[in-house]
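Working through the structure, step by step
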Amino acid sequence: MRVALGVGGGIAAYKAAELARLLAERGAAVEVIMTAAAQQFVRPLTFAALTGRRVITALFPNEEADALTAAIEHIRVAQENDLLLVAPATADLMAKFARGIADDFLTTLYLAFRGPVLLAPAMNVNMWHHPATQENLGVLRARGHRIIGPGEGTLACGMAGPGRMAEPEEIAEIVFAALSRRRDLEGETVLVTAGPTREALDPVRYLSNRSSGKMGYALAQAALERGAEVILISGPVHLAPPAGAKVVRVETAVEMRRAVLEHLEPATIIVKAAAVADYHVARVPSHKLKKTAARISLELEPTPDILAELGQKKGDRLLIGFAAETENLREEARRKLASKNCDMIVANLVGPEGAAFESDDNEVVLALATGEFIEVPRASKREIADRIFDEALKLRLALHASR
Ligand code: CTP
(Lines give C-alpha, C1' and ligand atoms only; values in the text may rest on other atoms or scores of the structure.)
Protein backbone atom coordinates (compact mmCIF):
# COMPACT_ATOMS: atom_id res chain seq x y z
CA MET A 1 0.00 0.00 0.00
CA ARG A 2 1.54 3.23 -1.16
CA VAL A 3 0.24 6.60 -0.14
CA ALA A 4 1.31 9.94 -1.58
CA LEU A 5 0.77 12.44 1.24
CA GLY A 6 0.56 16.04 0.11
CA VAL A 7 1.09 18.53 2.90
CA GLY A 8 -0.28 22.06 2.42
CA GLY A 9 0.79 25.23 4.17
CA GLY A 10 -1.32 25.62 7.27
CA ILE A 11 -0.80 25.37 10.99
CA ALA A 12 -2.32 21.86 10.80
CA ALA A 13 0.81 20.75 8.91
CA TYR A 14 2.21 19.67 12.29
CA LYS A 15 -0.69 17.19 12.59
CA ALA A 16 0.28 15.80 9.18
CA ALA A 17 3.53 14.62 10.77
CA GLU A 18 1.55 12.48 13.20
CA LEU A 19 -0.57 11.27 10.30
CA ALA A 20 2.53 10.24 8.32
CA ARG A 21 3.75 8.34 11.37
CA LEU A 22 0.43 6.51 11.81
CA LEU A 23 0.26 5.53 8.14
CA ALA A 24 3.85 4.28 8.13
CA GLU A 25 3.38 2.43 11.42
CA ARG A 26 0.39 0.58 9.97
CA GLY A 27 2.38 -0.60 7.00
CA ALA A 28 1.86 1.98 4.27
CA ALA A 29 4.79 3.23 2.22
CA VAL A 30 4.35 6.98 2.56
CA GLU A 31 5.81 9.43 0.08
CA VAL A 32 5.49 13.00 1.32
CA ILE A 33 5.18 16.04 -0.92
CA MET A 34 5.35 19.41 0.82
CA THR A 35 4.28 22.70 -0.73
CA ALA A 36 6.60 25.67 -0.26
CA ALA A 37 4.19 27.11 2.31
CA ALA A 38 4.08 23.82 4.25
CA GLN A 39 7.84 24.02 4.66
CA GLN A 40 7.36 27.29 6.55
CA PHE A 41 5.48 25.34 9.24
CA VAL A 42 7.32 22.02 9.44
CA ARG A 43 10.77 21.01 8.19
CA PRO A 44 10.95 18.28 5.52
CA LEU A 45 13.41 16.46 7.77
CA THR A 46 10.57 15.69 10.20
CA PHE A 47 8.66 13.80 7.51
CA ALA A 48 11.79 12.15 6.12
CA ALA A 49 12.59 10.77 9.58
CA LEU A 50 9.04 9.53 10.13
CA THR A 51 8.61 7.86 6.73
CA GLY A 52 12.21 6.83 6.04
CA ARG A 53 11.99 8.39 2.59
CA ARG A 54 13.17 11.51 0.86
CA VAL A 55 10.56 14.25 0.95
CA ILE A 56 9.63 16.01 -2.27
CA THR A 57 9.84 19.76 -1.80
CA ALA A 58 9.95 21.26 -5.28
CA LEU A 59 9.03 20.66 -8.90
CA PHE A 60 12.46 21.72 -10.07
CA PRO A 61 15.14 20.91 -7.51
CA ASN A 62 18.35 22.89 -7.89
CA GLU A 63 20.84 20.10 -8.43
CA GLU A 64 21.83 19.94 -12.13
CA ALA A 65 22.44 16.22 -11.97
CA ASP A 66 18.88 15.52 -10.95
CA ALA A 67 17.30 17.64 -13.67
CA LEU A 68 16.21 14.84 -15.97
CA THR A 69 14.62 12.71 -13.26
CA ALA A 70 12.98 15.81 -11.82
CA ALA A 71 11.25 16.53 -15.13
CA ILE A 72 9.21 13.34 -14.89
CA GLU A 73 9.21 12.82 -11.14
CA HIS A 74 5.53 13.83 -10.73
CA ILE A 75 4.55 11.15 -13.26
CA ARG A 76 6.52 8.52 -11.36
CA VAL A 77 4.91 9.53 -8.08
CA ALA A 78 1.47 9.46 -9.74
CA GLN A 79 2.04 5.97 -11.10
CA GLU A 80 3.64 4.43 -8.04
CA ASN A 81 1.11 5.43 -5.42
CA ASP A 82 -2.27 3.82 -4.79
CA LEU A 83 -3.89 6.84 -3.18
CA LEU A 84 -3.31 10.60 -2.95
CA LEU A 85 -4.07 12.12 0.42
CA VAL A 86 -3.77 15.86 0.95
CA ALA A 87 -3.67 16.95 4.59
CA PRO A 88 -3.99 19.74 5.39
CA ALA A 89 -5.77 20.75 2.19
CA THR A 90 -5.69 24.54 2.25
CA ALA A 91 -8.25 26.78 0.52
CA ASP A 92 -5.55 27.61 -2.03
CA LEU A 93 -4.80 23.96 -2.85
CA MET A 94 -8.48 23.13 -3.17
CA ALA A 95 -8.95 26.06 -5.56
CA LYS A 96 -6.01 24.93 -7.68
CA PHE A 97 -7.19 21.32 -7.76
CA ALA A 98 -10.72 22.41 -8.67
CA ARG A 99 -9.46 24.49 -11.60
CA GLY A 100 -6.56 22.29 -12.70
CA ILE A 101 -3.85 24.85 -11.97
CA ALA A 102 -0.53 23.01 -11.83
CA ASP A 103 2.22 25.34 -10.66
CA ASP A 104 4.14 23.22 -8.17
CA PHE A 105 4.87 19.56 -7.51
CA LEU A 106 1.71 18.72 -5.58
CA THR A 107 -0.71 20.42 -7.99
CA THR A 108 1.05 18.83 -10.96
CA LEU A 109 0.95 15.43 -9.29
CA TYR A 110 -2.78 15.92 -8.66
CA LEU A 111 -3.44 16.28 -12.40
CA ALA A 112 -1.31 13.27 -13.27
CA PHE A 113 -2.85 11.04 -10.60
CA ARG A 114 -5.51 8.47 -11.60
CA GLY A 115 -6.34 6.79 -8.27
CA PRO A 116 -8.58 7.83 -5.38
CA VAL A 117 -8.01 11.30 -3.92
CA LEU A 118 -8.75 12.12 -0.27
CA LEU A 119 -8.66 15.67 1.05
CA ALA A 120 -8.59 16.77 4.69
CA PRO A 121 -9.29 20.51 4.60
CA ALA A 122 -8.07 22.89 7.30
CA MET A 123 -8.53 26.64 7.34
CA ASN A 124 -10.07 29.60 9.11
CA VAL A 125 -13.87 29.32 9.50
CA ASN A 126 -14.59 32.35 7.30
CA MET A 127 -12.33 30.98 4.58
CA TRP A 128 -14.16 27.66 4.83
CA HIS A 129 -17.59 29.29 4.51
CA HIS A 130 -16.52 31.59 1.66
CA PRO A 131 -18.59 30.88 -1.46
CA ALA A 132 -15.39 30.43 -3.48
CA THR A 133 -14.19 27.65 -1.17
CA GLN A 134 -17.62 26.04 -1.03
CA GLU A 135 -17.88 26.13 -4.81
CA ASN A 136 -14.47 24.49 -5.19
CA LEU A 137 -15.46 21.90 -2.61
CA GLY A 138 -18.57 21.10 -4.66
CA VAL A 139 -16.44 20.62 -7.77
CA LEU A 140 -14.02 18.30 -5.95
CA ARG A 141 -16.83 16.27 -4.39
CA ALA A 142 -18.58 15.92 -7.73
CA ARG A 143 -15.30 14.64 -9.15
CA GLY A 144 -15.60 11.79 -6.67
CA HIS A 145 -12.92 12.92 -4.21
CA ARG A 146 -13.41 12.08 -0.59
CA ILE A 147 -13.49 15.09 1.75
CA ILE A 148 -12.57 14.23 5.35
CA GLY A 149 -13.79 16.78 7.91
CA PRO A 150 -13.08 19.52 8.74
CA GLY A 151 -14.03 19.28 12.40
CA GLU A 152 -15.46 22.07 14.52
CA GLY A 153 -13.76 23.73 17.44
CA THR A 154 -11.49 26.57 18.37
CA LEU A 155 -9.15 27.32 15.49
CA ALA A 156 -5.58 28.56 15.59
CA CYS A 157 -6.85 32.06 14.77
CA GLY A 158 -8.98 32.08 17.93
CA MET A 159 -12.30 31.82 16.07
CA ALA A 160 -14.65 28.87 16.53
CA GLY A 161 -16.45 26.78 13.90
CA PRO A 162 -15.64 24.32 11.15
CA GLY A 163 -12.07 24.51 9.89
CA ARG A 164 -9.98 22.20 12.10
CA MET A 165 -8.28 19.41 10.25
CA ALA A 166 -9.77 16.01 11.11
CA GLU A 167 -7.73 14.06 13.65
CA PRO A 168 -4.86 11.97 12.24
CA GLU A 169 -6.35 8.72 13.61
CA GLU A 170 -9.64 9.37 11.81
CA ILE A 171 -7.88 10.22 8.54
CA ALA A 172 -5.64 7.14 8.77
CA GLU A 173 -8.70 4.97 9.38
CA ILE A 174 -10.42 6.27 6.24
CA VAL A 175 -7.25 5.90 4.18
CA PHE A 176 -6.88 2.24 5.13
CA ALA A 177 -10.57 1.58 4.53
CA ALA A 178 -10.23 3.12 1.05
CA LEU A 179 -7.07 1.13 0.32
CA SER A 180 -8.45 -2.17 1.46
CA ARG A 181 -11.75 -1.85 -0.35
CA ARG A 182 -11.72 -4.86 -2.56
CA ARG A 183 -13.14 -4.83 -6.00
CA ASP A 184 -15.95 -6.86 -4.49
CA LEU A 185 -18.55 -5.91 -7.09
CA GLU A 186 -16.55 -7.27 -9.99
CA GLY A 187 -18.80 -9.42 -12.18
CA GLU A 188 -21.94 -7.62 -10.96
CA THR A 189 -24.13 -5.35 -13.04
CA VAL A 190 -25.61 -2.65 -10.86
CA LEU A 191 -28.66 -0.79 -12.14
CA VAL A 192 -29.15 2.51 -10.33
CA THR A 193 -32.02 4.94 -10.75
CA ALA A 194 -31.37 8.49 -9.59
CA GLY A 195 -32.86 11.94 -9.33
CA PRO A 196 -36.44 13.11 -9.53
CA THR A 197 -38.90 12.54 -12.32
CA ARG A 198 -40.63 15.43 -14.00
CA GLU A 199 -44.30 15.05 -14.88
CA ALA A 200 -45.64 17.49 -17.42
CA LEU A 201 -48.82 19.46 -16.67
CA ASP A 202 -48.76 21.17 -20.04
CA PRO A 203 -45.98 21.88 -22.58
CA VAL A 204 -44.21 24.33 -20.22
CA ARG A 205 -45.03 23.26 -16.65
CA TYR A 206 -44.30 20.20 -14.60
CA LEU A 207 -44.63 18.52 -11.21
CA SER A 208 -41.43 17.33 -9.59
CA ASN A 209 -39.66 17.07 -6.24
CA ARG A 210 -36.49 18.22 -4.49
CA SER A 211 -34.30 15.20 -5.22
CA SER A 212 -30.84 16.31 -6.39
CA GLY A 213 -29.73 12.88 -7.59
CA LYS A 214 -26.60 13.02 -5.41
CA MET A 215 -27.37 9.78 -3.55
CA GLY A 216 -27.97 7.81 -6.75
CA TYR A 217 -24.86 9.23 -8.43
CA ALA A 218 -22.78 8.40 -5.34
CA LEU A 219 -24.10 4.82 -5.54
CA ALA A 220 -23.15 4.61 -9.22
CA GLN A 221 -19.66 5.96 -8.49
CA ALA A 222 -19.12 3.56 -5.58
CA ALA A 223 -20.29 0.57 -7.64
CA LEU A 224 -17.94 1.50 -10.49
CA GLU A 225 -14.97 1.84 -8.16
CA ARG A 226 -15.75 -1.55 -6.66
CA GLY A 227 -15.60 -3.13 -10.10
CA ALA A 228 -19.24 -3.34 -11.22
CA GLU A 229 -20.72 -2.58 -14.61
CA VAL A 230 -23.09 0.28 -13.93
CA ILE A 231 -26.29 1.33 -15.68
CA LEU A 232 -27.44 4.70 -14.37
CA ILE A 233 -30.99 5.67 -15.24
CA SER A 234 -31.27 9.30 -14.33
CA GLY A 235 -34.04 11.84 -14.09
CA PRO A 236 -33.17 15.49 -14.76
CA VAL A 237 -30.30 16.56 -12.44
CA HIS A 238 -27.36 18.98 -12.52
CA LEU A 239 -24.62 16.41 -11.95
CA ALA A 240 -21.86 15.07 -14.16
CA PRO A 241 -22.30 11.30 -14.48
CA PRO A 242 -19.43 9.15 -13.20
CA ALA A 243 -17.03 8.08 -15.93
CA GLY A 244 -17.60 4.50 -17.03
CA ALA A 245 -21.33 4.27 -16.30
CA LYS A 246 -23.84 3.63 -19.06
CA VAL A 247 -26.16 6.59 -18.61
CA VAL A 248 -29.78 6.62 -19.73
CA ARG A 249 -31.54 9.95 -19.28
CA VAL A 250 -35.28 10.02 -18.70
CA GLU A 251 -37.80 12.59 -17.64
CA THR A 252 -41.05 10.98 -16.51
CA ALA A 253 -41.97 8.01 -14.33
CA VAL A 254 -43.33 6.25 -17.42
CA GLU A 255 -40.02 6.76 -19.26
CA MET A 256 -38.07 5.61 -16.21
CA ARG A 257 -40.15 2.43 -16.00
CA ARG A 258 -39.53 1.70 -19.67
CA ALA A 259 -35.76 2.29 -19.34
CA VAL A 260 -35.55 0.13 -16.20
CA LEU A 261 -37.37 -2.78 -17.82
CA GLU A 262 -35.21 -2.48 -20.96
CA HIS A 263 -32.03 -2.76 -18.87
CA LEU A 264 -33.29 -5.24 -16.30
CA GLU A 265 -31.96 -8.39 -17.90
CA PRO A 266 -28.19 -8.07 -17.16
CA ALA A 267 -28.70 -6.47 -13.73
CA THR A 268 -27.70 -8.43 -10.64
CA ILE A 269 -28.27 -5.61 -8.13
CA ILE A 270 -30.92 -2.92 -8.54
CA VAL A 271 -30.86 0.24 -6.45
CA LYS A 272 -33.91 2.44 -6.83
CA ALA A 273 -32.66 5.72 -5.41
CA ALA A 274 -34.82 7.83 -7.72
CA ALA A 275 -37.57 9.93 -6.19
CA VAL A 276 -40.23 8.90 -8.66
CA ALA A 277 -43.30 11.12 -8.75
CA ASP A 278 -46.29 9.21 -7.40
CA TYR A 279 -48.81 11.07 -9.56
CA HIS A 280 -48.98 12.51 -13.03
CA VAL A 281 -51.46 13.97 -15.48
CA ALA A 282 -52.25 11.02 -17.65
CA ARG A 283 -53.22 13.07 -20.69
CA VAL A 284 -51.00 16.11 -20.98
CA PRO A 285 -52.72 18.89 -22.97
CA SER A 286 -50.87 19.92 -26.10
CA HIS A 287 -51.45 23.61 -25.39
CA LYS A 288 -50.38 25.78 -22.46
CA LEU A 289 -52.98 26.13 -19.70
CA LYS A 290 -54.28 29.69 -19.71
CA LYS A 291 -54.77 31.78 -16.61
CA THR A 292 -58.35 32.72 -15.76
CA ALA A 293 -59.95 34.18 -12.67
CA ALA A 294 -61.43 30.80 -11.79
CA ARG A 295 -59.93 28.22 -9.48
CA ILE A 296 -58.64 25.12 -11.20
CA SER A 297 -58.01 21.67 -9.94
CA LEU A 298 -55.72 19.11 -11.45
CA GLU A 299 -56.79 15.56 -11.87
CA LEU A 300 -53.80 13.36 -11.14
CA GLU A 301 -53.45 9.67 -11.69
CA PRO A 302 -50.97 7.37 -9.97
CA THR A 303 -47.76 6.66 -11.90
CA PRO A 304 -46.68 3.05 -12.35
CA ASP A 305 -44.88 1.86 -9.20
CA ILE A 306 -41.61 0.71 -10.75
CA LEU A 307 -40.22 -0.72 -7.54
CA ALA A 308 -43.32 -2.81 -6.86
CA GLU A 309 -43.21 -4.16 -10.41
CA LEU A 310 -39.53 -5.03 -10.01
CA GLY A 311 -40.43 -6.81 -6.78
CA GLN A 312 -42.51 -9.19 -8.89
CA LYS A 313 -39.94 -9.58 -11.67
CA LYS A 314 -36.66 -9.55 -9.77
CA GLY A 315 -35.88 -13.27 -9.78
CA ASP A 316 -32.47 -13.73 -8.13
CA ARG A 317 -31.61 -10.07 -8.27
CA LEU A 318 -30.98 -8.08 -5.13
CA LEU A 319 -33.57 -5.31 -5.02
CA ILE A 320 -32.91 -2.20 -2.94
CA GLY A 321 -35.54 0.51 -2.60
CA PHE A 322 -35.51 3.88 -0.92
CA ALA A 323 -38.03 5.49 1.37
CA ALA A 324 -38.11 9.18 2.09
CA GLU A 325 -40.23 9.72 5.17
CA THR A 326 -41.13 12.56 7.47
CA GLU A 327 -42.06 10.25 10.36
CA ASN A 328 -42.21 6.60 11.51
CA LEU A 329 -39.05 5.72 9.63
CA ARG A 330 -38.73 2.10 10.70
CA GLU A 331 -42.38 1.15 10.38
CA GLU A 332 -42.66 2.71 6.94
CA ALA A 333 -39.45 1.03 5.81
CA ARG A 334 -40.69 -2.35 6.99
CA ARG A 335 -44.05 -1.81 5.32
CA LYS A 336 -42.43 -0.91 1.97
CA LEU A 337 -39.99 -3.80 2.25
CA ALA A 338 -42.92 -6.20 2.40
CA SER A 339 -45.36 -4.49 0.05
CA LYS A 340 -42.77 -4.00 -2.72
CA ASN A 341 -41.01 -7.33 -2.15
CA CYS A 342 -37.57 -5.72 -1.72
CA ASP A 343 -34.46 -7.13 -0.07
CA MET A 344 -33.49 -3.83 1.50
CA ILE A 345 -35.08 -0.43 2.03
CA VAL A 346 -32.83 2.54 2.64
CA ALA A 347 -34.95 4.88 4.71
CA ASN A 348 -34.10 8.50 5.38
CA LEU A 349 -35.87 11.28 7.17
CA VAL A 350 -36.76 14.21 4.98
CA GLY A 351 -38.21 17.55 5.94
CA PRO A 352 -36.88 20.01 8.54
CA GLU A 353 -35.07 17.38 10.61
CA GLY A 354 -33.75 15.21 7.82
CA ALA A 355 -30.41 15.51 6.08
CA ALA A 356 -31.41 13.96 2.78
CA PHE A 357 -32.52 16.17 -0.09
CA GLU A 358 -29.97 18.41 -1.83
CA SER A 359 -27.42 17.79 0.92
CA ASP A 360 -24.01 16.18 0.45
CA ASP A 361 -24.61 14.14 3.59
CA ASN A 362 -27.22 11.68 4.61
CA GLU A 363 -28.22 9.61 7.63
CA VAL A 364 -30.17 6.44 6.99
CA VAL A 365 -31.69 3.31 8.44
CA LEU A 366 -31.35 0.12 6.42
CA ALA A 367 -34.31 -2.24 6.77
CA LEU A 368 -33.31 -5.73 5.68
CA ALA A 369 -35.37 -8.67 4.47
CA THR A 370 -33.95 -10.64 7.40
CA GLY A 371 -35.95 -8.38 9.74
CA GLU A 372 -32.88 -6.49 10.94
CA PHE A 373 -32.41 -2.73 11.03
CA ILE A 374 -29.02 -1.10 10.62
CA GLU A 375 -28.54 2.53 11.63
CA VAL A 376 -25.99 4.35 9.48
CA PRO A 377 -24.99 7.60 11.20
CA ARG A 378 -24.58 10.88 9.31
CA ALA A 379 -21.85 10.64 6.67
CA SER A 380 -21.19 11.77 3.12
CA LYS A 381 -23.48 10.22 0.51
CA ARG A 382 -20.43 8.49 -0.90
CA GLU A 383 -19.74 6.78 2.43
CA ILE A 384 -23.41 5.86 2.78
CA ALA A 385 -23.28 4.37 -0.73
CA ASP A 386 -20.36 2.13 0.24
CA ARG A 387 -22.14 1.07 3.38
CA ILE A 388 -25.25 0.14 1.37
CA PHE A 389 -23.17 -2.13 -0.89
CA ASP A 390 -21.28 -3.62 2.09
CA GLU A 391 -24.58 -4.57 3.70
CA ALA A 392 -26.18 -5.68 0.42
CA LEU A 393 -23.40 -8.20 -0.21
CA LYS A 394 -23.67 -9.57 3.33
CA LEU A 395 -27.44 -9.74 2.99
CA ARG A 396 -27.24 -11.74 -0.22
CA LEU A 397 -25.04 -14.31 1.50
CA ALA A 398 -27.45 -14.50 4.44
CA LEU A 399 -30.47 -14.87 2.15
CA HIS A 400 -28.79 -17.63 0.12
CA ALA A 401 -27.76 -19.45 3.27
CA SER A 402 -31.34 -19.39 4.61
CA ARG A 403 -32.85 -20.86 1.42
N1 CTP B 1 -40.91 4.25 -6.55
C2 CTP B 1 -41.07 3.69 -7.81
N3 CTP B 1 -42.10 4.07 -8.59
C4 CTP B 1 -43.02 4.97 -8.15
C5 CTP B 1 -42.87 5.52 -6.86
C6 CTP B 1 -41.80 5.14 -6.08
O7 CTP B 1 -40.25 2.88 -8.21
N8 CTP B 1 -44.02 5.33 -8.94
C9 CTP B 1 -39.79 3.78 -5.72
C10 CTP B 1 -38.73 4.82 -5.42
O11 CTP B 1 -37.69 4.80 -6.37
C12 CTP B 1 -38.22 4.37 -4.07
C13 CTP B 1 -39.40 3.70 -3.43
O14 CTP B 1 -40.30 3.42 -4.49
O15 CTP B 1 -37.21 3.42 -4.18
C16 CTP B 1 -40.11 4.45 -2.35
O17 CTP B 1 -40.79 5.52 -2.84
P18 CTP B 1 -41.92 6.28 -1.96
O19 CTP B 1 -42.43 7.38 -2.81
O20 CTP B 1 -41.39 6.61 -0.65
O21 CTP B 1 -42.97 5.11 -1.75
P22 CTP B 1 -44.48 5.09 -1.99
O23 CTP B 1 -44.81 3.72 -2.41
O24 CTP B 1 -44.85 6.18 -2.90
O25 CTP B 1 -45.08 5.26 -0.54
P26 CTP B 1 -45.72 6.51 0.22
O27 CTP B 1 -46.06 7.54 -0.82
O28 CTP B 1 -46.84 5.91 0.89
O29 CTP B 1 -44.66 6.98 1.15
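Residues numbered from 1 in each chain as written. Predicted model: local features only at pLDDT ≥ 70, side-chain atom pairs only at ≥ 80, totals over all residues. Heavy atoms only, no water.

1. Observations concerning the packing of aromatic side chains
Basically, it comes down to this: Two aromatic rings from Phe, Tyr or Trp, using only the six-membered ring of Trp, form a pair when their centres are within 6.5 Å; if the ring planes differ by under 30 degrees the pair is stacked, by over 60 it is edge-to-face, and anything between is tilted. To qualify as a helix, a DSSP run of H or I must reach at least 4 residues; to qualify as a strand, a run of E must reach at least 2; elements of each kind are numbered from the N terminus. Per-residue accessibility, obtained with a 1.4 Å probe over protein chains only, is compared with the maximum for each type, and a residue is labelled buried under 20%, exposed over 50%, and partly exposed between these values. Over a ring means this: the NZ of a Lys or the CZ of an Arg is within 6 Å of the ring centre and within 35 degrees of the ring normal.
As enumerated under the stated definition, the model contains one aromatic pair in all. Ring geometry for F97 against Y110: centres 4.3 Å apart, planes inclined by 25 degrees, an arrangement best described as stacked. You can see F97 sitting in helix α5 (residues 91-99) and its partner Y110 sitting in helix α6 (residues 105-112), a full 13 residues away along the chain. On the accessibility criterion, F97 (1% relative accessible area) is buried. Sitting above the plane of the Y206 ring, R198 keeps its charged end 4.3 Å from the centroid.

2. Some remarks on the site of the ligand
We apply this condition: Here a residue is near a molecule or strand as soon as one of its heavy atoms is found within 4 Å of it. N or O atoms within 3.5 Å of each other form a polar contact, as long as, within protein, one can give a hydrogen and the other can take it, and as long as residues adjacent in sequence are counted only when both atoms are side-chain atoms. Each accessible area value is a Shrake-Rupley result obtained with a 1.4 Å probe; residue values ignore everything except the protein chains displayed when judging cover. Cavities and pockets are found on a 1 Å grid laid over the protein atoms alone: a cavity is a set of points where a 1.4 Å probe fits but cannot escape, a pocket is an open set with protein on both sides within 12 Å along at least five of seven lines, and a lining residue has an atom within 4 Å of such a point. Molecule-in-pocket calls rest on the fraction of atoms, with more than half required to lie within 2 Å of the cavity or pocket grid points.
Taken together, 16 residues are adjacent to the ligand, and K272, A274, F322, K336 and K340 come closest. Here an oxygen atom of the ligand and a backbone polar atom of L307 are 2.8 Å apart. Taking R335, its side chain carries an N or O atom lying 3.5 Å from an oxygen atom of the ligand. In the complex, the protein chains occlude 78% of the 570 Å² of accessible area that the ligand would expose alone. When each cavity is represented as a set of grid points, the ligand is found to reside in the second largest pocket. In terms of residues, the shell around the ligand owes the most to one element, strand β16 (residues 318-325), which gives three residues.

3. Topic: the pairing of strand β11 (residues 229-234)
Inclusion rule: Note on pairing: two strands pair once DSSP finds at least 2 bridges between them.
Of all six residues in β11, five are buried; the element is thus mostly enclosed. Here strand β8 (residues 189-194) runs beside β11; their pairing, made up of six bridges, is parallel. For T193, the partnering residue across the bridge sits in β11 and is I233. Summarising the sheet, β11 and strand β12 (residues 246-249) pair through four bridges and their orientation is parallel.

4. Some points on the domain arrangement of the protein chain
Convention followed: Domains are outlined according to an automatic or database domain assignment.
In terms of domain boundaries, the protein chain breaks down into domain 1 (2-180) and domain 2 (189-402). On a C-alpha basis, the centres of domain 1 and domain 2 stand 36 Å from each other.

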